[in-house]
Structure formats: C-alpha cells, structure tokens
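For reference, the chains in residue letters:
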Amino acid sequence: MKYVYIKTFGCQMNEHDSARMVSILKQFGFSCTNTPDEAHLILINTCSVRENPENKVYSLLGTLRPIKKKRPETVIAVCGCVAQQEGNHILEREPAVDIVIGPDHYFELPELIGRVQNGERICLTQRTYPKPPVFDFIPDEWLEKGHREGVKAYIAISKGCNNACSFCIVPRTRGREIYRTPENIQKEVTAVIAEGIREIWLLGQNVNAYKFRDDYRFVQLLSDVSNIKDVWRIRFTSPHPHDWNKELTDLIANRKNIARHIHLPLQSGSNRILKLMRRRHTIEQYIEHIEYLRSKVPKIEVSTDLIVGFPTETDEEFEETLKVVEQIKFSQIYPFKYSPRPGTYAEKLGDTVPRKTKEERLAQIIELQEKINQSSMKQLIGTEQEVLIEEKHPRDDNFWNGRTNSYRSITVLGKGLHIGDLIYGRVTGFRGHWLEAEYIRTIKISPLNKLSY
Ligand code: SF4
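Enquirer: Tell me about the overall build of the protein, and please be specific about residues and values.
Expert: In terms of helices and strands, the protein carries 14 helices and 22 strands. By the compact-globule yardstick of 22 Å for 453 residues, the protein fits well, its C-alpha radius of gyration being 23 Å. For the protein, the spread of C-alpha atoms along the principal axes amounts to about 65 × 60 × 50 Å. Within the span of the protein, comprising 453 residues, buried residues form 56% of the whole. Taking the contacts inside the protein whose residues are at least 6 apart along the sequence as the reference set, 71% of them involve residues at least 24 apart. Carbon and sulfur atoms make up 50% of the accessible area of the protein, which totals about 20,100 Å². Distance from the positive charge centre (65 side chains) to the negative charge centre (59 side chains) of the protein: 1 Å.

So this is what it looks like as structure tokens:
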C-alpha cells in the first residue's frame, strides 16, 4: 500500500484541487494518511493570498526535513499558488522538496513521481492552456472522480481571474480566466447527482465572470445547472460585485434550489480605498445590489470578506467600513489584516498602517459583527428552516448537524434522520454561531441511504 499525506492551505479552489489530486493518485494505488511519517508522497497545496499561509508552508517544509532524511524515498511535492509564484526558488531554498508544480499540471502528478524515483527534481509551472479561453480543463475520464464532501460536490467551472485587484496575487499565480464548456460542467453535475450528492457548489476565482459565449454567461449556466433533475441545492463562490447584475438576482428569486445565501466580497466600506484596491465598483453600487437582492429574495443572507489596514486607510475610512457592516448586517464576515503580497500594485503603496492599528481595527470589526450576529440569531428563534443534514452529532445519536439554506450551521434534534436528508426544523435557540432546532418534517429523504423519495 502506498500512502499520500496532503496538507491544504487557502481557499475552496485549493480544497477542490487537493481532492482532485487525491482522486488521481487513488487510481495509481495511493491511499490517504494523516501521518506524514508513513507517507510515500507528501503533497503541500499552498496559498499565497495572505502572508501567513506562505510562512506556514516554509515552516512546514522545515519540519518535513527529518522525514526525508530518515526515508529519502519519500517524495515531497509543493503545488498551488506559492509553487506557481516561487517555482525553482523552492527547490533551491528547500532541498527536501522533489517536485514543484503549478495548478495547470495536477494531472501529470503520477508521471512526475516516476521521474523523481529516477533521480530528478522537477519544477513545472508553465501555463499550458490554449486561447481562446474555453477549455475543458477537467478531462472526461476524471469527471466522476471529483471533489466530494459528504452530500456536497464542488465543481470548478472556471480557473484564473481577469481582474487586477491591487492586493491580490491570484491573477499572477492562476493566470487569466479559462472556462469549461457548459456541457462538460453539466456532465459532472449529472454524474455526482447519480451518486446521491444533492448540494452542488460551483467554484471559480471570479465565478460570476463565467463566459462561455457572449450569449451564454454565468446566469445561463446557473439556470441550466439548477434545471438538472434532483439538484436540491446550488451554491456558488466567489462572485465579484462588479460582475453582479439584476438578471442573476432575478434568477435566484425564481429558483428554489439556488441557496438563499451569497458570499459577496466587499473588502472595504470606503470608496477611496475600493479605488486603490482596484475593485471596479463603489460602495453605493454594492449596497444597491444587496438592496435589490433583499427586495426580490427577502430571506437571503449575505456574508463578505473585509480587509482592514489597507495601505493609507485612515481611521475615518475604517469607520466607513464599520458603518457599512452595521448597515448591511452580514450573516458572517471574514475580516483579514492587510499584508503586502510581492509583485502587487498595493505593495508599492507601502504597508503604512501600523500592525497594532490593524489588530485594533480587526478586533473592533469582529466585536461589531458578533453583536450583529447575536441579534440576528435571536430573530431566527421560532422560524422554520430548511436544513440539509450533513453529519450525525459526534456525541448523541438524536442530534444531527447540517446547514440551513442560508448557510447557517445548525444542530437538529430528531430521530431516524439520515445524512443527506432535506428537512424542516424549527429553531429553538442558539449556542455561539450554531443554531439549535427541533425536527418538524422531512422534505426529501437522502438517496444516499438508498430509500425512495
Ligand atoms: S477578483 Fe480580485 S481578489 Fe478575486 S481573485 Fe480576482 S484579482 Fe484576486
């Protein structure tokens, strides 16, 4: 038996890539292990969006050196955005590493392992995708071996990003956008539905920029996927406010299986900072999208990403962000302290906001969101929520964990449920960020349990 140990940093797209690589390696006799010591292959899937994950990668590589010394036949591979960005530099800096591969080369992994066993050290980061940018980067034979997590499947519809947000390294590491054909995407959705999966996640670095043709864009794709039989829920991440439009909102309003939650990154509440970030929209435009969305889909919840301490951000501009958070009342925020990424425009602006100020701003925004969250959780008590059951409670057979349609974590008290069931629960309270509910009735029984529905 051959073992692969895989450590993934960063975003959903990296999680998706890791799952793909595991399914490829399984075809070549590998099984997963949680122990790097017993692994024949150690894969580090890296992220360079923020400074911390990058530092973590180098310190993790340092801890792998003794394993390589003890068992030199262990193959160590670094992939993902840091690999794409740093290339050969990783091989030079870290002698324990055998392979450095960018995101375009994952399907070549088994062949590269063979070459390492013949004594090579390899760096493969050149772009391989052709123009024009429509290309089925997941070959047909791999469609049925994708990224699943319980009752959910993650399906990459595009890669790369054509934007140039000034703080972001993704356009450099992942390249320009490439879109799969709708046919190829729908084939994968149909395959996972046949397996019993009921929640589909459409993924892209800028998911709503998807464009197969001028007359076939993200909204048409989402509509087609939502029409596939037995797709109970669809989510998509991450959309960009600049590419959001009324047509997309209208589609969500008209399709029950498109989840009542969107994650729409805002980054800052100040128009001057948004401009410096090169986000291509104003705060007023963002609020207009949310207001229209809430007018059409009243129960929709919105979460967001925010950066605090962007270069030159003043106290007043940070206050503007707080005001917007207060006004919009997000269901969740993912705030980060700004850290410069080498080679970005923002790096040239200097890291002007002192670390202490960034930390204070971060604490302040988290505290505000906590208050908003407590109040919105209270308002949910007594409401009926559609819940997809994702797992049995680890300590009590009468409880089940899942997600509401609006993406809140929830524990449901109910007997005889199954993982994958779609049910209604009545919210009875909450603990921290988890809602608590009692079972009301089943909407659909999971086909994963081989029951008819
Ligand atoms: S939209 Fe902006 S932040 Fe998102 S991946 Fe593209 S450049 Fe980066």
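Next comes the rest of the account.
Enquirer: Outline the nonpolar core, listing residues and values.
Expert: Counting residues in hydrophobic clusters, the biggest one holds 62 residues, and the most contacted among them are Ile200 and Phe236. When residues of this core are assigned to domains, at least three fall in each of domain 2 (130-259) and domain 3 (264-380). When neighbours within four sequence positions are excluded, isoleucine 200 is seen to be in contact with Ala153, Ile155, Val189, Val192, Ile193, Val225, Val231, Arg233, Ile234 and Arg235. Membership of the second largest hydrophobic core comes to 21 residues, among which are Ile67, Ile76, Val82 and Val100.

Enquirer: Quick one: what's the story with the domain arrangement of the protein, residue by residue and with numbers?
Expert: Here the domain parsing of the protein yields domain 1 (2-124), domain 2 (130-259), domain 3 (264-380) and domain 4 (381-449). Taking only C-alpha atoms into account, the centre of domain 1 sits 34 Å from that of domain 3.

Enquirer: Break down the side chain of asparagine 206 for me, citing the residues and quoting the values.
Expert: Among the structural elements, asparagine 206 can be located in the loop between strand 11 (199-203) and strand 12 (211-213). Among the residues examined, asparagine 206 registers a relative accessible area of 4% and is labelled buried. When neighbours within four sequence positions are excluded, asparagine 206 is seen to be in contact with Gly160, Cys161, Asn163, Glu177, Ser238, Pro239, His240 and Asp243.

Enquirer: Before we move on, could you go through the sheet that holds strand 20 (residues 409-413) and cite the residues and values that matter?
Expert: Overall, mixed pairing links the five strands, which are arranged 18-19-20-22-21 in a closed barrel. In this sheet, adjacent strand axes meet at a mean angle of 50° when their direction is disregarded. Where strand 20 meets strand 22 (residues 434-444), four bridges bridge the pair, whose relative direction is parallel. Note on strand 22: the bridge partner recorded for isoleucine 410 is leucine 435.

Enquirer: Lay out the pairing of strand 19 (residues 399-404) with the relevant residues and their values.
Expert: Where burial is concerned, most of strand 19 is hidden: five out of the six residues are buried. Turn length for the strand 18 (residues 384-392)-strand 19 hairpin, with the two strands adjacent in sequence and antiparallel, is six residues. Connecting strand 19 to the antiparallel partner strand 20 that follows it, the hairpin turn spans four residues, and tyrosine 407 within it adopts a positive phi of roughly 70°.

Enquirer: So, helix 11 (residues 283-296): which residues are in play, and what are the values?
Expert: If you check helix 11, its first and last C-alpha atoms are 20 Å apart, about what 14 residues at 1.5 Å a residue would give, namely 20 Å. Among the residues making up helix 11, those that are buried are Ile283, Tyr286, Ile287, His289, Ile290, Tyr292 and Leu293.

Enquirer: I'd like to hear about the pairing of strand 11, residue by residue, with values.
Expert: Of all five residues in strand 11, five are buried; the element is thus mostly enclosed. Summarising the sheet, strand 8 (residues 152-156) and strand 11 pair through five bridges and their orientation is parallel. Bridge pairing in strand 11 places tyrosine 154 opposite tryptophan 201.

Enquirer: Report on the sheet that holds strand 14 (residues 233-237), specifying residues and quantitative values.
Expert: Spatial strand order, 7-8-11-14: four strands in an open sheet with mixed pairing. With one partner strand each, in any of the chains shown, strand 7 (147-149) and strand 14 form the two edges of the open sheet. Taking each pair of neighbouring strands and ignoring which way they run, the sheet shows an average axis angle of 25°. Most of the contacts of helix 8 (residues 218-226) go to strand 14, to which it runs at about 155°, and overall it touches strand 11 and strand 14.

Enquirer: I'd like a rundown of the pattern of salt bridges, residues and numbers included.
Expert: Within the structure shown, the criterion is met by 30 salt bridges. Between glutamate 386 and arginine 233 there is a salt bridge, with its nearest N and O atoms 3.2 Å apart. One end of the pair, glutamate 386, is in strand 18; the other, arginine 233, is in strand 14, with 153 residues separating them in the sequence. A residue is classified by how much of its surface remains accessible, and arginine 233, at 1% relative accessible area, is buried. One salt bridge in this structure joins arginine 361 and aspartate 315, with 2.7 Å as the shortest N-O distance. Taken together, the residues arginine 361 in helix 14 (residues 355-380) and aspartate 315 in helix 12 (residues 315-328) connect sequence positions 46 residues apart. The class of aspartate 315 is partly exposed, set by a relative accessible area of 49%. Put simply, Glu199, Arg233, Arg235 and Glu386 are held in one network by salt bridges that share partners.

Enquirer: An account of the packing of helix 8 against helix 9 (residues 246-254) is requested, with residue identities and associated values reported.
Expert: Contact geometry of helix 8 with helix 9 gives a least axis separation of 9 Å together with a crossing angle of 10°. In terms of orientation, helix 8 and helix 9 fall into the roughly parallel class. Residue-level contacts link Phe218, Val219, Gln220, Leu222 and Ser223 of helix 8 to Glu247, Leu248 and Leu251 of helix 9. Its residues placed into classes, the contact of helix 8 with helix 9 shows five nonpolar, two polar and one charged.

Enquirer: So what's going on with the environment of glycine 175? Which residues, and what values?
Expert: Note on placement: glycine 175 falls in the loop between helix 6 (170-174) and strand 10 (178-179). Given the relative accessible area of 7%, glycine 175 is considered buried. Separated by 153 residues in the primary sequence, glycine 175 and isoleucine 328 place their C-alpha atoms 33 Å from one another. Those residues in contact with glycine 175 that sit more than four places away from it in its chain are Arg127, Gly160, Cys161 and Val170.

Enquirer: Describe the packing of aromatic side chains, and please don't skip the residues or the numbers.
Expert: The relation between two aromatic rings is expressed through the spacing of the ring centres and the mutual angle of the planes. For the structure shown, the criterion picks out eight aromatic pairs. Judged by centre distance (5.6 Å) and plane angle (70°), the ring pair of tryptophan 201 and tyrosine 407 falls under edge-to-face. Taken together, the residues span a long stretch of sequence, with tryptophan 201 in strand 11 and tyrosine 407 in the loop between strand 19 and strand 20 at a distance of 206 residues. With respect to burial, tryptophan 201 and tyrosine 407 carry one shared label: buried. Both rings, one in phenylalanine 212 and one in tyrosine 216, keep their centres 5.9 Å apart while their planes meet at 90°; by these two values the pair is edge-to-face. When its relative accessible area of 10% is taken as the criterion, tyrosine 216 is described as buried.

What counts and what doesn't
- The numbers attached to residues start from 1 for each chain and follow its sequence in the written order.
- In keeping with the model being predicted, local features are shown solely for residues with a pLDDT of at least 70 and side-chain atom pairs are shown and tallied solely at 80 or more, while totals for entire chains, interfaces and linings include all residues.
- Just so you know, side-chain values use all the structure's heavy atoms and leave hydrogens and water out.
- The helix count covers DSSP runs of H or I at least four residues long, the strand count covers runs of E at least two residues long, and both are numbered beginning at the N terminus.
- Here the globule rule is a power law, 2.2 Å times the number of residues to the power 0.38, and the radius of gyration is based on C-alpha atoms.
- For the exposure calls, accessible area comes from a 1.4 Å probe over protein chains only, and a residue counts as buried if that area is under 20% of its type's maximum, exposed if over 50%, partly exposed in between.
- We call two residues in contact when some of their heavy atoms are within 4.5 Å.
- For every accessible area listed, the method is Shrake-Rupley and the probe measures 1.4 Å; residues are considered covered only by the protein chains on display.
- In this charge count, Lys and Arg are treated as positive and Asp and Glu as negative; neither His nor the chain ends contribute.
- A charged residue contributes its charge at one atom only: NZ of Lys, CZ of Arg, CG of Asp or CD of Glu.
- Residue types Ala, Val, Leu, Ile, Met, Phe, Trp, Tyr and Cys, when buried and joined through side-chain atoms within 4.5 Å, form a set referred to as a nonpolar core.
- As annotated, the domain borders come from an automatic or database domain assignment.
- Any two strands with at least two DSSP-identified bridges between them are counted as paired.
- To define axes, lines are fitted to C-alpha atoms, for helices over the stretch in contact only, and angles between the resulting N-to-C directions are given on a 0 to 180 degree scale.
- For a helix, the expected span equals 1.5 Å multiplied by the residue count minus one.
- Note on definitions: salt bridges are taken to be side-chain nitrogens of Lys or Arg within 4 Å of carboxyl oxygens of Asp or Glu.
- Reported orientations rely on four angle classes, namely roughly parallel under 35 degrees, roughly antiparallel over 145, roughly perpendicular from 65 to 115, and oblique for the rest.
- Residue type decides the class: Asp, Glu, Lys and Arg count as charged, Ala, Val, Leu, Ile, Met, Phe, Trp, Tyr, Cys and Pro as nonpolar, and the leftover types, Gly among them, as polar.
- A pair of aromatic rings is counted whenever rings of Phe, Tyr or Trp (Trp by its six-membered ring) have centres within 6.5 Å, and the orientation is called stacked for planes under 30 degrees apart, edge-to-face for over 60 and tilted otherwise.

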